[in-house]
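# Topology and contacts: notes
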Amino acid sequence: MDNASNLSTAESGGAIETRGIEPVPDHERHGRVRELVPTWVAANISVLLLTMGAALVVFNELNFWQVLIVAACAALASFGMVGVLSVSGKWGGAPGAMLSRATFGVRGNLFPGAILWVARFGWETINAVTGAYAVLTVLDLLLGVKSNTPLIVITLTAFVACTFLVSGMGRKALNVCNKWSTYLFGVFSVLVLVYLIANIKWDEVFSKPAGTTAMMIAGIGTIAAGGISWVPTGPDFARYLPHAASGKKIVTATVSGAGIVMVPMVLMGAVMAVATPGLADAPDPVSFLGDILPTWLAVPYLITAIVGMLLINSLSMYSAGFTAQTMGVKLPRAMAVSINAIISLVGGLLLMLVAKSFLSSFITFLILLAVSFSAWIGVYTVDMARRKARAVRYDAEALMDTGRTSRYWYVGGFCWQAMTAWTVALAAGISFTKCDWFTGPLASTFVGKYGLGWAATIAISALIMAVLPVPREVAAADAAGAAAGDEERVKVGA
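First, a word on scope: everything that follows refers to the structure included in this document. As a convention, each chain's residues are numbered from 1 in the sequence order in which they are written. Reporting of local features is limited, given that this is a predicted model, to residues whose pLDDT is at least 70; pairs of side-chain atoms are given and counted only at 80 or more, and all residues count toward the totals for whole chains, interfaces and linings. Computation of side-chain values covers all heavy atoms of the structure but excludes hydrogens and water.

A few words now on the overall build of the protein. For the purposes of this entry, the term helix denotes a DSSP run of H or I that reaches at least four residues, the term strand denotes a run of E that reaches at least two, and both are numbered from the N terminus. A tally of regular secondary structure across the protein gives 20 helices and zero strands. Exposure classes here rest on a 1.4 Å probe applied to the protein chains alone. A residue is buried below 20% of its type maximum, exposed above 50%, and partly exposed in between. Going through the 494 residues of the protein one by one, you find that 57% of them count as buried. Partitioning the contacts of the protein with sequence separation of at least 6, the portion at a separation of at least 24 is 85%. Surface exposure here means Shrake-Rupley accessible area, sampled with a 1.4 Å probe, where a residue is shielded only by the protein chains that are shown. In the form shown here, the protein has an accessible surface area of approximately 19600 Å², with 68% of it arising from carbon and sulfur atoms. Here, two residues are considered to be in contact whenever any of their heavy atoms come within 4.5 Å of each other.

Below is the structure:
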């Protein structure tokens, strides 16, 4: 049985996690649901939310109350999905990229996995660039050192290297870092909020006219895209939870952890944009803080934000290592993470030194990110619902088995129902999409105009998966017979 022997090779008791994609056995499930709160707080400590909030005011022309509604709806919708699908992590004790083998088939899982992996590269690159810009801004404010090409290379390399080191330590180290960064970022965010309350011209903020409903709906999709990108990796952080952990509490912890950061950050960005309309058009997503906030507040706030973005990328690389292993990369998780680190470094240098506009590249990336992840979400959700209704648990040995003996071999290694739903929905989602890079043939429809391509993609993939015949998992006897038949045919052919 391929890779099955790896089930007992990992140990997770130390500070540095050595367990890879293999499911966590029940006796090692000592996680607590409340640990998810700082995890998802840390996953959203990013000044990019300020820039996105500003964009809602400058580009979507929304007022304060509309931005509040958009931020709340985006947090609830995106991280609600993260929470719901995270429940499968406690069911199977494995990363999301691994559990989806049971949904798409051993071979079929490689196709959506490849897209998710590539998308993860982009997200890590964006975060690395933002972190590097934050470091450059701190150097400018404290020492008067202006940005230049050698300094950009050094700063970005250092940021990516730190991300790699933290992510390689694993779940326990990340939990500790998340806890303390949450406290620090919370304190300085309150200070920034107090400063804004005392200095912003609130009559200008509340006198801004309301924008259109279409722009509100489109704004929800833009803000939600970041959360949607975490959905396939949600199970990664719930796999150490015992089977008895409450699914409702998992969802609540996930949404509350993300929402407590997302909503006020987006609102602060919107308020800042009223005072500084050029915020959304800034050449980088960080330097504006030095203009709006006094140095004594901007510097410590940026330092905590740097730590936050470091943790966001560490969480992302932590999960990306699992995806790489699931894709067949024959390396330990920590080594697999190094692939993402190198790619994010190269991509970050291109974005900082070559790209003309950070914000336009970022918004385009978010739009494509939401669609690419949404096709996976719809299929996986239906598969989860069926497993719960039929009380069918994930088979740990079958998940690790990549041969014909696997319970999840289906037909030739593919679950054709899941692959059909995923392929059709992904094509439809791209057709509804309009961005700087291209315009889909259905972008002028209601769905396209309102920026609902991601929602339509989820609905289409879920509907197709639901109406197609229920996939039949290969029984152990059938799998063994098929494997024996293959061996016999090989002997005859020889």
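It is worth spelling out the layout of surface pockets at this point. A pocket, in this scheme, is an open set of points on a 1 Å grid over the protein atoms alone with protein on both sides within 12 Å along at least 5 of 7 lines, while a cavity is a set where a 1.4 Å probe fits but cannot get out; residues line either one if an atom lies within 4 Å of a point. Grid points are joined across faces, edges and corners, and a volume is the space filled by probe spheres set on the points. Its volume calculated, the largest pocket comes out at about 740 Å³. Lining the largest pocket are 30 residues; nearest its centre among them are Ala218, Thr222, Ile363, Ile367 and Lys434. Secondary-structure elements contributing two or more residues to the lining of the largest pocket are helix H2 (48-58), helix H10 (213-228), helix H15 (358-390), helix H18 (446-449) and helix H19 (453-467). With eight residues, H15 is the largest single contributor of residues to the lining of the largest pocket. Gly falls in the polar group here, along with every residue not listed as nonpolar (Ala, Val, Leu, Ile, Met, Phe, Trp, Tyr, Cys, Pro) or charged (Asp, Glu, Lys, Arg). Residues of the lining of the largest pocket, tallied by class, amount to 18 nonpolar, nine polar and three charged.

We now examine the pattern of salt bridges. Salt bridges, as used here, are contacts in which a Lys or Arg side-chain nitrogen is within 4 Å of a carboxyl oxygen on Asp or Glu. As enumerated under the stated definition, the model contains five salt bridges in all. Arg407 serves as the salt-bridge partner of Glu473, at 2.6 Å between the closest nitrogen and oxygen. Residue Glu473 is located in the loop between H19 and helix H20 (476-493), and its partner Arg407 is located in the loop between helix H16 (396-400) and helix H17 (416-431); the two are separated by 66 residues in the primary sequence. Accessibility expressed as a relative area gives 16% for Glu473, which makes it buried. Assessed through its relative accessible area of 26%, Arg407 is described here as partly exposed. Because the salt bridges share partners, they merge into one network encompassing Asp383, Arg387, Asp395, Arg407 and Glu473.

Let's shift gears to the packing of aromatic side chains. Pairing of aromatic rings covers Phe, Tyr and Trp, the last counted by its six-membered ring, and requires centre-to-centre distances within 6.5 Å; plane angles under 30 degrees mean stacked, over 60 mean edge-to-face, and any other angle means tilted. A complete count under the given rule lists ten aromatic pairs for this structure. Consider the rings of Trp40 and Trp230, whose centres lie 5.5 Å apart with planes at 80°: the pair is edge-to-face. With Trp40 in helix H1 (residues 36-42) and Trp230 in the loop between H10 and helix H11 (247-275), this residue pair connects regions lying 190 residues apart in the sequence. Across this residue pair, the class does not change: Trp40 and Trp230 are buried.

Quick look at a nonpolar patch on the surface now. To count toward a patch, a residue needs a relative accessible area over 30% and no salt bridge; like charges are then connected within 9 Å, while nonpolar side chains (Val, Leu, Ile, Met, Phe, Trp, Tyr) are connected within 5 Å. Taken together, the side chains of Val153, Ile342, Val346, Leu350, Leu353 and Val354 define a hydrophobic patch exposed on the protein surface, amounting to about 530 Å² of accessible area. When residues in the nonpolar patch are grouped by element, the largest group, four residues, is from helix H14 (residues 333-353). When you line up the elements, Val346 lands in helix H14.

Located in the positive-phi region is Glu61, a residue other than glycine, with phi close to 60°. You will see that Tyr410, though not glycine, has its phi angle at about 55°, which is positive. Of note, Tyr410 is situated in the loop between H16 and H17.

A general tendency of soluble globular proteins is for nonpolar side chains to be buried together. For the purposes of this section, nonpolar cores are sets of buried Ala, Val, Leu, Ile, Met, Phe, Trp, Tyr and Cys residues that join through side-chain atoms within 4.5 Å. Within the largest apolar cluster, 137 residues are counted, with the highest numbers of intra-cluster contacts made by Trp40, Trp230, Leu289, Tyr301 and Phe362. The dominant element in this core, judged by the number of residues it contributes, is H15, at 16 residues.

Attention now goes to the side chain of Asn109. Note that Asn109 resides in the loop between helix H5 (101-104) and helix H6 (110-143). At a separation of 2.9 Å, a polar atom in the side chain of Asn109 contacts the main-chain carbonyl oxygen of Ala97. Pairs of N or O atoms are called polar contacts if they sit within 3.5 Å, as long as, within protein, a hydrogen donor faces a hydrogen acceptor (for residues adjacent in sequence, only side-chain-to-side-chain pairs).

With that out of the way, let us pick up the environment of Val251. Looking at where Val251 falls in the secondary structure, it is placed in helix H11. As a C-alpha pair, Val251 and Val82 span 169 residues in sequence and 7.7 Å in three-dimensional space. If near-sequence neighbours (up to four positions away) are discounted, Val251 is found in contact with Gly80, Gly83 and Val84.

Right, let's get into the packing of H17 against H19. For any two helices packed against each other, one specifies the crossing angle of their axes together with the interaxial distance. In this analysis, axes come from line fits to C-alpha atoms, helices being fitted only over the stretch in contact, and the angle between any two N-to-C directions falls in the range 0 to 180 degrees. Close contact between H17 and H19 brings their axes to 8 Å; oriented N to C, the two are set at 155°. One way to sum up the angle between H17 and H19 is to call them roughly antiparallel. The interaxial crossing formed by H17 with H19 has right-handed handedness. Facing H17, whose interface residues are Gln417, Ala418, Ala421, Val424, Ala425, Leu426, Ala428 and Gly429, H19 presents Gly453, Thr457, Ile460, Ser461, Ile464 and Met465. Tallied by class, residues from the contact of H17 with H19 come to nine nonpolar, five polar and no charged. Oblique is the label for any angle not covered by the other classes, which are roughly parallel (under 35 degrees), roughly antiparallel (over 145) and roughly perpendicular (65 to 115). Crossing handedness is defined as follows: a turn of the near helix away from the far one that is anticlockwise and smaller than a right angle gives a left-handed crossing, while the clockwise case is right-handed.

Before going further, it helps to examine the packing of H6 against H15. At a closest axis distance of 10 Å, the pairing of H6 and H15 adopts a crossing angle of 150°. It follows from the interaxial angle that H6 and H15 lie roughly antiparallel. Considering how the two elements wind past one another, H6 and H15 form a crossing that is left-handed. Residues Pro112, Ile115, Leu116, Ala119, Arg120, Gly122, Trp123, Ile126, Val129, Thr130 and Tyr133 of H6 pack against Phe358, Phe362, Phe365, Leu366, Leu369, Ser372, Phe373 and Trp376 of H15. Taken together, the residues of the contact of H6 with H15 sort by class into 15 nonpolar, three polar and one charged.

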